[in-house]
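The lines below spell out each chain.
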Amino acid sequence: MSEDRITKVILSNMCMLYKDDEYLIINRTKSDWPGLSFPGGHVEDGETLEESIIREMKEETGLDIKNPRLVGIKDWPWGNNVRYFALLYVSNEFEGEIISSKEGEVFRLKEKDFSSYLKSLDFDELFDMFKKGI
């Protein structure tokens, strides 16, 4: 394969936890992507995709999730022949106590209350993709 057909990929994940009519949200504090979002992060070398989302959810929310289901993929052009992929998971199986992280405050929120907060880039599109997977 020729070099001009090779694209570098940044591989990450996000997960929407849900129970009844509430969704687990993170209110991100990062200046490059502030506002409501869904917890997640980068896939690290040597871990499976499922191991990665389980680890990221524990790190960012304090919760242990079970049976995450892949429901979609969101990608963004990143420039310099790089693409950013986020694997989108949902789960309603989790346990533990919610603990916020340096990424931002983590809490449950009803969909009707989303509009009371600043939303991160692509939040509405991502939420629609997650909801289709429930």
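Keep in mind that what you see is a predicted model, and the values were worked out from it rather than measured. (Residues numbered from 1 in each chain as written. Predicted model: local features only at pLDDT ≥ 70, side-chain atom pairs only at ≥ 80, totals over all residues. Heavy atoms only, no water.)

### Quick look at the environment of V9
In this fold, V9 is placed in strand 1 (residues 8-19). Residue V9 is classed as partly exposed on the basis of its relative accessible area of 48%. Those residues in contact with V9 that sit more than four places away from it in its chain are R83 and F85. (Helix = DSSP H or I, 4+ residues; strand = E, 2+ residues; numbered from the N terminus. Buried < 20%, exposed > 50% of the residue type's maximum accessible area, 1.4 Å probe, protein only. Contact = heavy atoms within 4.5 Å.)

### A look at the nonpolar core
Most often, soluble globular proteins have nonpolar side chains that are buried together. One finds I25, F38, F114 and F130 to be the most contacted residues of the largest nonpolar core, which totals 19 residues. Taken together, the elements giving at least two residues each to this core come down to strand 1, strand 2 (22-28), strand 7 (82-91), strand 9 (104-110) and helix 2 (123-132). Discounting chain neighbours no more than four positions away, the residues touching F38 are M14, C15, M16, L24, I25, I26, F123, L126, F127 and F130. Counting 11 residues, the second largest nonpolar core, distinct from the first, contains I26, M57, Y89 and V106. (Core = buried A, V, L, I, M, F, W, Y, C linked by side-chain atoms within 4.5 Å.)

### Some details on the pattern of salt bridges
In total, this model carries 13 salt bridges according to the counting rule given. Across the pair E125 and K74 runs a salt bridge, and its minimum N-O distance is 3.3 Å. Of this pair, E125 sits in helix 2 while K74 is found in strand 6 (residues 69-79), placing the two residues 51 residues apart along the sequence. Classification of K74 by relative accessible area gives buried; the value is 12%. One salt bridge connects R83 with D75, and the closest N-O pair in it is separated by 2.2 Å. For R83, a relative accessible area of 30% puts it in the partly exposed group. Taking the relative accessible area as the measure of exposure, D75 reaches 28% and is therefore partly exposed. Within this structure, E44, E47, R55, E56 and E59 form a network of salt bridges that share partners. (Salt bridge = Lys/Arg side-chain N within 4 Å of Asp/Glu carboxyl O.)

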